[in-house]
Amino acid sequence: MKQQIILEVKGVNKSFPGVKALDNVSMEVRRGEVHALLGENGAGKSTLMKILAGVYQPDSGEIFIRGRKVVLDNPKTSRDMGIGMVHQELHLNPHQTVMENIFMGREPSGKLGFINGKYLYKQTEDILNKLEMKMKPNQKVGELSIAEQQMVEIAKAISLDADLIIMDEPTSSVTEEEREVLFSTINRLRKQGVAIIYISHRMEEIFEIADRATIMRDGQTIETRDLDENVTIDEIISSMVGRKISYVSHQRKNPSDDVVLSVKNLTREGVCYDINFDLKYGEILGIAGLVGAGRTEIMRCIFGLDKKDTGTIMIEGKECNIKSPKDAIDLGIGFVTEDRKMEGLVLSLSVGKNITMSILERLSKFNFINDKKAVDLAKEYIERLSIRTPSHKQIVENLSGGNQQKVVIAKWLLTQPKVLILDEPTRGIDVGAKNEIYRLMNQLSERGIGIIMISSELPEILRMSDRILVIKEGRITASFDSSECSQERIMKHAL
Ligand SMILES: Nc1ncnc2c1ncn2[C@@H]1O[C@H](COP(=O)(O)OP(=O)(O)OP(=O)(O)O)[C@@H](O)[C@H]1O
Ligand SMILES: [Mg+2]
């Protein structure tokens, strides 16, 4: 028996000024399947999903749900049709509680139209329990970690009892454990006949969870494939990028023994304890560990975002007193944070402005802002990082997730730091663009910049690091030369 088709997209087109985001896109999703949607940054995945969620209208083309042609003219129509969506960017209100966020706009009301708080609490508690989430329904979302917030988004989509749930990079910042729970939830939903469209740049994940995959390239759907034993990761990647690809790795050229950054006995109660390490010029130091091990927190203390209790930080042999990020930047430290939307970008400004923002002071040395120079620099970095944008004038908010990421990196590169801290630099970045970032890291290292890279992807840590520190519960549990290291050895000290 042919499996029932729940969704059919036929010949959908969508253009934005200067960009053809979707070009005659077609795909079919069956009941009870996990259908991966794959493609490089800017391929059109999120745009297609936003059309299904009623956020954008297609310019032309047809959409059928359970065989019936539909017009998804706003998010509510789409929800009423049984489509739930976990957005790539968090859409929660940080000032509201978990339950308010989950039931936003559709609170079950009592006879008199009052919101029945008790009922809401109970409903939310049930959903959280199912997802093995430990937070309380009345906790403020702003107090949760990014990973927890992402789980709330997922809880929200599941609570709709949707027949089709779209997950746009749901695991980009969740912990290992949360991902396990998410996957078992997905498997349970699949058994109940719910279809899931799953977007991720992590190939291993796709092979673990998805039944079929549709591949997009440059706004077009290239093919749909069964993910059985006959298909390999390499084939899928070639289909995504239209060519064969192999990862760049790092080999340190002319290693110097001079230390650029030295951290001694750094402690912040409840966060990290007795952290000691040296970073040499041109060295890439990989920081491995589980999400939540305290890796980001250590870097926040070094960068002056959080106060340390004890310990010293030395730059080029001189002890320094870093009280704020500004002090750190003045001393030559750059920090590409993991929460780019909050800390890295001004979404309403252009790509060019965002890239050159941090060096405007330098460009305006002679008391006038050198516009031409700023634009040239922006263009140069758009080119070097292959940022996909119609021009430097595009508003950053309109870029795809991965391309926004590259803008943040470009911005920090322009500050010409001595030490660059990268927190999960390739999260949400496609295979081709990852290589671009690795190449950049190699160039920076050759120029003598010391790089600290936090990453949860072990293959990346192994390929790109000269040395690797493993962090567990706020402490360094191991330090390896990358030549004597392996995934197993790292995991042994991380777990
Ligand atoms: N609101 C918008 N205005 C203008 N251009 C847009 C808008 N939304 C998306 N685009 C452009 O459409 C193209 C497709 O973007 P989309 O977000 O769908 O990519 P994606 O496949 O989800 O990429 P990623 O993997 O980076 O998330 C990109 O070139 C993007 O810049
Ligand atoms: Mg996207």
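Please read these numbers as outputs of a predicted model, since none were measured by experiment.

## With respect to the environment of V86
In step 1: Here V86 is to be found in strand β6 (residues 83–86).
In step 2: You can call V86 buried: it has 27 C-beta atoms within 10 Å.
In step 3: Residues V86 and M49, 37 residues apart in the sequence, show an inter-C-alpha distance of 9.9 Å.

## Details of the sheet that holds strand β12 (residues 272–280)
In step 1: Across the sheet, 4 strands lie side by side as β12-β11-β14-β15; this open sheet has antiparallel pairing. Edge positions in the open sheet fall to β12 and β15 (318–320), since each of these has one partner strand only. Put simply, the sheet's adjacent strands are angled 20° from each other on average, direction ignored.
In step 2: Relative to strand β14 (residues 310–315), strand β11 (residues 259–268) is paired through 5 bridges, and the arrangement is antiparallel. When the sheet's bridge partners are listed, S262 is paired in β14 with M314.

## Looking at helix α5 (residues 146–159)
In step 1: For α5, built from 14 residues, the straight-helix expectation of 20 Å at 1.5 Å per residue is met to within 8% by its first-to-last C-alpha distance of 20 Å.
In step 2: The element α5 is extensively covered by neighbouring structure, given that 10 of its 14 residues are classed as buried.
In step 3: Within α5, burial applies to Q149, Q150, M151, V152, E153, I154, A155, K156, A157 and I158.
In step 4: Residues of α5 that are buried in the fold lie against β6, α3 (98–102), α4 (117–130), β7 (164–168) and α6 (176–191).

## Concerning the domain arrangement of the protein chain
In step 1: As far as domains go, the protein chain holds domain 1 (5–241) and domain 2 (259–494).
In step 2: Each of domain 1 and domain 2 has a C-alpha centre, and the two are 30 Å apart.
In step 3: Between domain 1 and domain 2, the contact holds 19 residues from the first and 20 residues from the second.
In step 4: For the side of domain 1 that touches domain 2, the elements supplying multiple residues, two or more each, are α5 and α8 (233–241).
In step 5: Residues belonging to the side of domain 1 that touches domain 2 are distributed by class as follows: 6 nonpolar, 9 polar and 4 charged.

## A short note on unusual backbone geometry
In step 1: A positive phi is found at D161, a non-glycine position, where the angle reads about 55°.
In step 2: Tracing the backbone through its elements, the reader meets D161 in the loop between α5 and β7.
In step 3: Phi at D218 is positive, roughly 45°, even though this residue is not glycine.
In step 4: Structurally, D218 can be placed in the loop between β9 (212–217) and β10 (220–226).

## As for the site of ligand 1
In step 1: Near ligand 1 you find 20 residues, and of these F16, N41, S46, S400 and G402 are the closest.
In step 2: Breaking the shell around ligand 1 down by element, the ones donating at least two residues are β2 (19–30), α1 (45–52) and α15 (401–413).
In step 3: Across the shell around ligand 1, the residue classes tally to 5 nonpolar, 12 polar and 3 charged.
In step 4: No fewer than three residues from each of domain 1 (5–241) and domain 2 (259–494) sit in the shell around ligand 1.

## So, the nonpolar core
In step 1: Counting residues in hydrophobic clusters, the biggest one holds 66 residues, and the most contacted among them are V407, I421, I451 and I452.
In step 2: Ignoring any residue separated from it by four or fewer positions in sequence, one finds V407 in contact with L345, V351, N354, I355, I387, V396 and L399.
In step 3: Ranked by size, the runner-up nonpolar core spans 59 residues in total, among them V9, L22, L52 and A195.

## A closer look at the environment of I359
In step 1: Counting through the fold element by element, I359 comes out in the loop between α12 (351–356) and α13 (360–363).
In step 2: Taking the number of C-beta atoms within 10 Å as the measure of exposure, I359 has 16 and is therefore partly exposed.
In step 3: Distance in space between the C-alpha atoms of I359 and Q394 is 19 Å, their sequence separation being 35 residues.
In step 4: If we ignore the near neighbours within four places in the chain, the residues touching I359 are L414 and T415.

## Things to note about the pairing of β12
In step 1: Of the strand pairs in this sheet, β11 and β12 are connected by 6 bridges, and their pairing is antiparallel. Counted as the bridge partner of L261 is L279 from β12.
In step 2: The antiparallel hairpin formed by β11 and β12 contains 3 residues in its connecting segment, where G270 sits at a positive phi of about 80°.

So, how was this worked out
Residues numbered from 1 in each chain as written. Chains lettered and ligands numbered in written order. Predicted model: local features only at pLDDT ≥ 70, side-chain atom pairs only at ≥ 80, totals over all residues. Helix = DSSP H or I, 4+ residues; strand = E, 2+ residues; numbered from the N terminus. Buried ≥ 20, exposed ≤ 12 C-beta atoms within 10 Å, placed from the backbone. Pairing = 2+ DSSP bridges. Axes fitted to C-alpha atoms, helices over the stretch in contact; angles between N-to-C directions. Expected span 1.5 Å × (residues − 1). Contact = placed C-beta atoms within 7 Å. Domains from an automatic or database assignment. Nonpolar A, V, L, I, M, F, W, Y, C, P; charged D, E, K, R; others polar. Near = placed C-beta within 6 Å. Core = buried A, V, L, I, M, F, W, Y, C linked by C-beta atoms within 7 Å.

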